[in-house]
Amino acid sequence: MNNLKKLLGIVWIILAIYTAYFSIFELALPKISTGHQEDLVFGIIILCILTPIISLGLGLFGYYSLLGEYDREKM
Amino acid sequence: MGTLIEWYDFFIFGSLSIVISTKFFPSDNPTAAFLSTLATFAAGFVVRPFGALFFGRLGDIIGRKYTFMVTLMLMGGATFLIGCIPSYASIGFWAPLIVLILRLLQGLALGGEYGGAATYVAEHAPVGQRGYWTSWIQTTATFGLFISLVVILLTKSFLSETQFDSWGWRVPFLLSLVMVYVSYLIRKKMKESPEFSKAKAEGKTSTNPLKESFGNRYNLKFVLLALFGAAMGQGVVWYTGQFYSMSFMKTVMHLQSDQADTILGIALLLGTPFFVVFGWLSDKVGRKWIMLGGMLLAVLTYRPIYESMYQLSNVQQKTKLNETTTPSTEQNSAIVTITKSQYDDGTEMTSSKIQHQTGELKGKETIKTTTHLAGKNYILLVALIFIQVIYITMVYGPIAAFLVELFPVKIRYTSMSLPYHVGNGIFGGLLPAVSTYLTTNAEASNTPQFYLAGLGYPIIIAAVCFIIGSLYINNKSTPPNHE
């Protein structure tokens, strides 16, 4: 199980990178470029607040997983 | 009681958003519209995590009781003041600005309240009953929404439409002061949490809870686990059952607004006792598999549930009994023709064909449809929403006890509040935007079941959360060295 958790750590890091890509290029930037004020606010919130929290958080979770921080004996 | 009032205060703004927008945020004024957008997004999910950090830190330093007394006053005061602000027509730009500031204060207070209440109750709970005791707090969000709807309906029933629009909408806000005062009196008599008092007496409280919670790898890994292994899945299941279902009924099924509200209200009322049932059960069998079970059921059944909901109002599958068309009339510079159709299962559909005579839409035609379900279909729809409420109670009932038990007393308030509010505020709060994006894309690419595309977001988030939770979380209640 410990090895599986470490392997999955790589999956979570890749997922974090994909989430960042999706949030920035598929959600935030298209919203910002619509020209509508409410889309602009929402796009900026996604870009500056939500993306860092979600992507960095998931990336860090994956990193800790890869390092073995969630191994049975450390929990 | 206090947490219930906080949720009531928070939801009353959303429930009265249409009236509020006409009083404070006129759409023809760009600055007011900008402030309106900020008020919606910022208080809904951006400010809540900051409230969790600010009040969590206070609660771990000075105590739970005084901190959540402050959050209660802040929320109650802000809600009451929203009811007192003169409209945009009276004081211009200041009106939306003050509403925005008060709304931000509401978001901050809500961010601080939940962690305090959950921690306080859990630390008072007898051994082996934390799940049961804290599950009562879990009922408050649903009850808060329910009570806000009831107070609005009662106020409307005592007043004429003109009176409600003129000043009656302020009543639910002003009522908050009375409720907060009652709650204040109750909380004033309560004692500080015994576990916190003991830690304080022994000099074991934290001097810098933020640093210890998030600057220490051992604790930070539990914060991340709480977020990605429990709170984010719980957030999307909660939002899907309580808000996405409502939006689906109104905008996809085109159900009459009052009927959709009533159906959701009945399902919430029937389902709410299950928060306590699953909280109690989590004391017996552990928290992990009840919460993850709710997520797995949601992942597996959301699509068939929503497909069934859609088919209940899909008139292409029904036999039309009769159709009546009223003569065209002119309303607001448009010619309106109303057609009513009745179907063999009791469904009634009203289509309004609007031919625009002026403005940007001049010469164009729009059709608005509303559907009214009856008999067996109505009961089936209540049952389908009720199933989703049960999933909510499974993931949400035990989560307060789960989060409390994941962290030590000295940083508990801070550490548990953040993942809860990020999970709910951000992962849950993003649901409408991401689901709309997915649905729009599916519709543009002519996907046959485009109306189910929006479910992709909660299903993926809940599935990832299920995998993380099932592999990384232990079913035992408390990690070592945490008491």
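Throughout, residues of each chain are indexed from 1 in the direction in which the sequence is written. Working convention: letters from A go to chains and numbers from 1 go to ligands, in the order in which they are written. This being a predicted model, a pLDDT of at least 70 is required before a residue's local features are given, and a value of 80 or more before pairs of side-chain atoms are given or counted; all residues contribute to the totals for chains, interfaces and linings.

1. Things to note about the overall build of chain A
- Secondary structure assignment for chain A yields 2 helices and 0 strands.
- The quantity called the radius of gyration is restricted to C-alpha atoms. Its globule counterpart is 2.2 Å times the number of residues to the power 0.38. In terms of C-alpha radius of gyration, chain A reaches 16 Å, well past the compact-globule figure of 11 Å for 75 residues.
- Principal-axis analysis of the C-alpha atoms gives chain A an extent of 55 × 15 × 10 Å.
- Burial is judged by counting other C-beta atoms within 10 Å of a residue's own C-beta: 20 or more means buried, 12 or fewer means exposed, and anything between counts as partly exposed, with every C-beta placed from the backbone. Scored against the burial criterion, the 75 residues of chain A give a buried share of 33%.
- A separation of at least 24 residues holds for 71% of the contacts in chain A among residues at least 6 apart in sequence. The secondary structure listing takes helices from DSSP runs of H or I that are at least 4 residues long and strands from runs of E that are at least 2 residues long, numbered from the N terminus. A pair of residues counts as a contact when their C-beta atoms, built from backbone coordinates, are separated by no more than 7 Å.

2. Topic: the overall build of chain B
- Secondary structure summary: chain B contains 20 helices and 5 strands in total.
- Computed over C-alpha atoms, the radius of gyration of chain B comes to 24 Å, within 12% of the 23 Å expected from 2.2 N^0.38 for 483 residues, which places it in the range of a compact globule.
- Taken along its principal axes, the extent of the C-alpha atoms in chain B is 80 × 50 × 40 Å.
- For chain B, the residues scored as buried account for 48% of the 483 residues in total.
- Summarising the internal contacts of chain B: among those between residues at least 6 apart in sequence, 79% fall at separations of at least 24.

3. Notes on the interface of chain A and chain B
- Contacts between the two partners involve 21 residues from chain A, matched on the other side by 21 residues from chain B.
- Going through the elements one at a time, helix H1 (2-32) and helix H2 (37-67) of chain A are the ones with two or more residues in the side of chain A that touches chain B.
- It is H2(A) that provides the largest number of residues to the side of chain A that touches chain B, a total of 14 residues.
- Under the scheme applied, nonpolar residues are Ala, Val, Leu, Ile, Met, Phe, Trp, Tyr, Cys and Pro; charged residues are Asp, Glu, Lys and Arg; polar residues are all the others, including Gly. Here the residues of the side of chain A that touches chain B are counted per class, giving 16 nonpolar, 2 polar and 3 charged.

4. Concerning the environment of B:Ser341
All names here are of chain B.
- Here Ser-341 is to be found in strand S3 (residues 334-343).
- The exposure class of Ser-341 is partly exposed, given the 19 C-beta atoms found within 10 Å.
- Considered as a pair, Ser-341 and Phe-407 are 66 residues apart in the sequence and their alpha carbons are 59 Å apart.
- Non-local contacts of Ser-341, meaning those with residues more than four positions away in its chain, are made with Lys-320, Glu-323 and Met-349.

5. Regarding the nonpolar core
- Buried Ala, Val, Leu, Ile, Met, Phe, Trp, Tyr and Cys residues form a nonpolar core when they are connected through C-beta atoms within 7 Å. Among the nonpolar cores identified, the biggest contains 148 residues, and B:Ala118, B:Met295, B:Val395, B:Leu403, B:Ala462 and B:Cys465 are the most heavily contacted of them.
- The element best represented in this core is helix H12 (residues 217-252) of chain B, accounting for 17 residues.

6. Quick look at the environment of B:Ser333
All names here are of chain B.
- Mapping Ser-333 onto the fold places it in the loop between strand S2 (329-331) and S3.
- Owing to 10 C-beta atoms within 10 Å, Ser-333 belongs among the exposed residues under this scheme.
- In this view, Ser-333 contacts Gln-357 and Thr-358; residues no more than four positions away in its chain are not counted.

7. Thoughts on the confidence of the model for chain B
- Summary statistics for chain B give a mean pLDDT of 87 and a share of 95% for residues scoring 70 or more.
- The ipTM, which scores confidence in the relative placement of chains, is 0.92 for this predicted complex, and the corresponding pTM is 0.88. Here pLDDT means the predictor's own confidence in every residue, given as a number from 0 to 100.

8. Structural notes on helix H6 (residues 94-124) of chain B
- Here the expected length of a helix is defined as 1.5 Å per residue gap, with one fewer gap than residues. With 31 residues, H6(B) should cover 45 Å at 1.5 Å per step; its first-to-last C-alpha distance of 44 Å lies within 8% of that length.
- Most of H6(B) sits inside the fold, with 25 of its 31 residues counted as buried.

9. Focus: the packing of H12(B) against helix H13 (residues 257-271) of chain B
Residues and elements named next belong to chain B.
- Interhelical geometry of H12 versus H13 gives an angle of 150° and a closest axis separation of 9 Å. As the angle between them shows, H12 and H13 are arranged roughly antiparallel. In the crossing of H12 with H13, the sense of the turn from one axis to the other is right-handed. Residues Ser-245, Met-246, Met-249 and Lys-250 of H12 lie in contact with H13, whose contacting residues are Ser-257, Ala-260, Ile-263 and Leu-264.
- Residue composition of the contact of H12 with H13, grouped by class: 5 nonpolar, 2 polar and 1 charged. Here an axis means a line fitted to C-alpha atoms, over the contact stretch when the element is a helix, while the angle between two N-to-C directions is reported on a 0 to 180 degree scale. Oblique is the label for any angle not under 35 degrees, not over 145, and not in the 65 to 115 range, which are roughly parallel, roughly antiparallel and roughly perpendicular in turn. Note: crossing handedness is left-handed where the near helix turns anticlockwise from the far helix by less than a right angle, and right-handed where it turns clockwise.

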